[in-house]
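# Structural features, examined
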Amino acid sequence: MSYPTALWCRSRRGSALCTRPRGHPGLHNRLGTSQMWSEAQADPGVCPGGGRPAQPAPQLPDGFPGGRGLCAVCSGFVNVDGGVLDRHDAFRGTDDPGEAEGRARWFNTVGWN
């Protein structure tokens, strides 16, 4: 199975995700809009959800997401330590096909709490 979104640039600005290829030169761009931004204008890569109270998300029969909690800010599965989410990068997609498949199954089974 192919995961073409893993090839996109991961820069964000507000609700816009750059739709240019990863590693592109020049400004970031949201295809189909007039939105363009520089790296200095991009959202920080660190998610502000780190340190928030959390508990492990419900597990699927195969064990996914492996004791990680769902970050309400970036929708990433993040390690939980002492009842809080670990500091983490803002979720911008995954390069791992197994993780992508597990996420899809989890959201289709458990949903958005």
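Structure: see above.
Here goes a summary of the coordinates provided. Treat the numbers as computed from the prediction; the structure is a model and nothing was measured. What you see as residue numbers is a count from 1 along each chain, following the sequence as written. Restriction of local features to residues with pLDDT of at least 70 applies here, the model being predicted, together with a cutoff of 80 or more for giving and counting side-chain atom pairs; totals for whole chains, interfaces and linings are based on all residues. Water and hydrogen atoms were dropped before computing side-chain values, which therefore reflect all heavy atoms in the structure.

For the rest of this paragraph, the subject is the packing of aromatic side chains. Each aromatic pair joins two rings of Phe, Tyr and Trp (for Trp, the six-membered one) with centres within 6.5 Å, and gets the label stacked for planes under 30 degrees apart, edge-to-face for over 60, and tilted for any other angle. Counted by the stated rule, this structure contains four aromatic pairs. Here Phe64 and Phe77 contribute two aromatic rings whose centre-to-centre distance is 5.3 Å and whose plane-to-plane angle is 80°, an arrangement assigned as edge-to-face. Taken as a pair, Phe64 in the loop between strand E4 (36–37) and strand E5 (69–70) and Phe77 in strand E6 (residues 77–78) lie far apart in primary sequence, 13 residues in all. Each member of the pair, Phe64 together with Phe77, is buried. By the criteria applied, helices consist of DSSP H or I runs no shorter than four residues and strands consist of E runs no shorter than two, each listed in order from the N terminus. Only protein chains enter the accessibility calculation, which uses a 1.4 Å probe; a residue is then buried when its area is under 20% of its type maximum, exposed when over 50%, and partly exposed in between.

Here the focus is unusual backbone geometry. The omega torsion across Phe64 and Pro65 is 10°, close enough to zero to call that bond cis. The backbone of Ser75 shows a phi angle near 65°, a positive value even though the residue is not glycine. You can see Ser75 is positioned in the loop between E5 and E6. For Ser75, a relative accessible area of 18% corresponds to the buried category.

Below, the discussion takes up the pattern of salt bridges. Definition used for salt bridges: Asp or Glu carboxyl oxygen within 4 Å of a side-chain nitrogen of Lys or Arg. Applying the stated rule across the entire model yields three salt bridges. Between Arg68 and Glu99 there is a salt bridge, and its shortest N-O distance comes to 3.1 Å. Remark: Glu99 occurs in helix H1 (residues 97–109) and Arg68 occurs in the loop between E4 and E5; sequence separation between them is 31 residues. Grouping residues by exposure puts Arg68 and Glu99 together as buried. Residue Glu101 is joined to Arg105 by a salt bridge in which the shortest nitrogen-to-oxygen separation is 3.9 Å. Taken as a pair, Glu101 and Arg105 lie in helix H1 at a separation of four residues, close to a single helical turn. The class for Glu101 is partly exposed, based on a relative accessible area of 43%.

As a further point, take the side chain of Thr94. Its location among the elements puts Thr94 in the loop between strand E8 (84–85) and H1. Side-chain polar atoms of Thr94 contact the backbone nitrogen of Asp96, separated by 3.1 Å. We define a polar contact as two N or O atoms separated by no more than 3.5 Å, with the added condition that, inside protein, one atom must be a possible hydrogen donor and the other a possible acceptor, whereas residues neighbouring each other in sequence contribute only through side-chain atom pairs.

Okay, the state of the cysteines next. Note on disulfides: each one is a pair of cysteine sulfur atoms within 2.5 Å. Counted under the stated rule, the structure contains zero disulfides. Considering cysteine sulfurs only, Cys18 is the nearest to Cys9, which forms no disulfide, with 3.9 Å between them. Judged by its relative accessible area of 9%, Cys9 falls in the buried class. Summary of cysteine pairing: Cys74 is not part of a disulfide, and the nearest cysteine sulfur, belonging to Cys47, is at 3.8 Å.

By secondary structure assignment, the location of Gly69 is in strand E5. The buried category is assigned to Gly69, whose relative accessible area is 0%. With 12 residues separating them along the chain, Gly69 and Asp81 place their C-alpha atoms 9.7 Å apart.

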